[in-house]
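Summary of the model geometry
So the chains spell out like this:
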Amino acid sequence: MIKILFICHGNICRSPMAEYVMKDMVEKRGLSHCFYIDSAATSTEEIGNRVHRGTREKLREMGIYCGDHRSRQLRRADYAEYDYLIGMDTWNIRNMQRMVGADPEKKISRLLDFSEFPRDIADPWYTGNFDETYEDVLEGCQALLAYVEDYDL
């Protein structure tokens, strides 16, 4: 089973969006049994809070259900439990490395590092642009899934 943990600052916008987009993609391909997918935060600011209204609305618009997700913080033990720890931007990566320590197995990367145009995914908490974030998350999840299918399935 491939275990993927998506990570952003608060775990209420980008990382749960990526979690549910990826879950939807693997389900539609009949691969749900091959994956365990979750998300987490690098900060404690939103722990226990639900998915941001903007993310819920965008996912609903795309026909993707996001359940009763509650924000949780990344733990050091997550490094051993997951195959991929996927941050949304450079600051997430720095905080992830600080929290879990070294990355000897090269599990940590940005989501869009798997795409043709590696870059950060802007935080819609600040930009208010959930459409743009969704497009970036979709691009990253498609690229990550293609990578995993090529190398891990």
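Before any of the text, the structure's been laid out above.
Residues numbered from 1 in each chain as written. Predicted model: local features only at pLDDT ≥ 70, side-chain atom pairs only at ≥ 80, totals over all residues. Heavy atoms only, no water.

**Re the pattern of salt bridges**
Cut-off, in case you're wondering: Any carboxyl oxygen of Asp or Glu within 4 Å of a side-chain nitrogen of Lys or Arg constitutes a salt bridge here. By definition, any uninterrupted DSSP run of H or I lasting at least four residues is a helix, any uninterrupted run of E lasting at least two residues is a strand, and each is numbered from the N terminus. To sort residues, take the accessible area from a 1.4 Å probe on protein chains only and compare it with the maximum for the residue type: under 20% means buried, over 50% means exposed, and anything in between is partly exposed.
The full count for this structure, using the stated rule, is 18 salt bridges. Its salt-bridge partner being Arg72, residue Asp38 comes within 3.7 Å of it at the nearest N-O pair. Of the two residues, Asp38 is situated in strand 2 (residues 35–41) and Arg72 in the loop between helix 2 (53–61) and helix 3 (78–81); the sequence distance between them amounts to 34 residues. Like Arg72, Asp38 is buried. Among the salt bridges present, the one from Arg119 reaches Asp136, with a minimum N-O distance of 3.0 Å. Here Asp136 lies in helix 6 (residues 130–151) and Arg119 lies in the loop between strand 4 (108–110) and helix 5 (124–127), a separation of 17 residues in the sequence.

**Side note on the packing of helix 1 (residues 14–28) against helix 2**
This is how it is decided: Whenever a helix is involved, its axis is fitted only over the stretch in contact; in every case the axis is a line through C-alpha atoms, and angles between N-to-C directions fall within 0 to 180 degrees. Should an angle fall under 35 degrees it is taken as roughly parallel, and over 145 as roughly antiparallel, whereas 65 to 115 is taken as roughly perpendicular and any remaining angle as oblique. Each crossing is labelled by how the near helix is turned from the far one, with a counterclockwise turn of less than a right angle marking it left-handed and a clockwise turn marking it right-handed. Two residues qualify as a contact provided that any one of their heavy atoms is within 4.5 Å of a heavy atom in the partner residue. Note that Gly is not counted as nonpolar here; it falls among the polar residues with everything else outside the nonpolar set of Ala, Val, Leu, Ile, Met, Phe, Trp, Tyr, Cys and Pro and the charged set of Asp, Glu, Lys and Arg.
At a minimum axis distance of 10 Å, the contact between helix 1 and helix 2 shows a crossing angle of 20 degrees. Here helix 1 lies roughly parallel to helix 2, going by the angle between them. Note that helix 1 runs across helix 2; the crossing there is right-handed. For the pair formed by helix 1 and helix 2, the contact residues are Met17, Tyr20 and Val21 on the first element and Thr55, Lys58 and Leu59 on the second. Residues belonging to the contact of helix 1 with helix 2 are distributed by class as follows: four nonpolar, one polar and one charged.

**Quick word on helix 2**
Stated precisely, the cut-off is as follows: The reported arc concerns the directions from the helix axis to the C-beta atoms and nothing else.
Those residues of helix 2 that sit buried are Gly54, Thr55, Lys58 and Leu59. Along helix 2, the residues classed as buried sweep out an arc of 125 degrees about the axis, all on the same side. Seen from the buried face of helix 2, the exposed residues on the opposite side, beyond 90 degrees, are Arg53, Arg60 and Glu61. In this fold, the buried residues of helix 2 make contact with helix 1 and helix 6. The positive-phi residue at the C-terminal boundary of helix 2 is Gly63, with phi of around 75 degrees.

**Here we look at the packing of helix 1 against helix 6**
Axis separation between helix 1 and helix 6 bottoms out at 9 Å; the angle between their running directions is 50 degrees. It follows that helix 1 is oblique to helix 6 by the angle criterion. For the element pair helix 1 and helix 6, the recorded crossing hand is right-handed. Here Arg14, Met17, Ala18, Val21, Met22, Met25 and Val26 of helix 1 come into contact with helix 6, specifically with Phe130, Thr133, Tyr134, Val137, Leu138, Cys141, Gln142, Leu144 and Leu145. When its residues are assigned to classes, the contact of helix 1 with helix 6 shows 13 nonpolar, two polar and one charged.

**Examining the pairing of strand 1 (residues 2–8)**
Convention followed: A pair of strands is considered paired only if DSSP assigns at least 2 bridges between the two. Orienting the strands away from the viewer, one traces the path from the first strand over the helix to the second; a clockwise path indicates a right-handed crossover.
Here strand 1 lies mainly inside the structure; six of its seven residues are buried. Here strand 1 runs beside strand 2; their pairing, made up of seven bridges, is parallel. Pairing of Phe6 across the sheet is with Ser39, part of strand 2. Handedness of the crossover joining strand 1 and strand 2 through helix 1: right-handed.

**Comments concerning the nonpolar core**
Buried together is how nonpolar side chains tend to be arranged in soluble globular proteins. Rule in force here: Put simply, buried Ala, Val, Leu, Ile, Met, Phe, Trp, Tyr and Cys residues joined by side-chain atoms within 4.5 Å make one nonpolar core.
Ranked by internal contacts, the top residues of the largest apolar core, which has 35 residues, are Phe6, Val21 and Phe35. Looking at this core, the elements that each hand over two or more residues are strand 1, helix 1, strand 2, strand 3 (84–87) and helix 6. The greatest single-element share of this core, amounting to eight residues, is contributed by helix 6.

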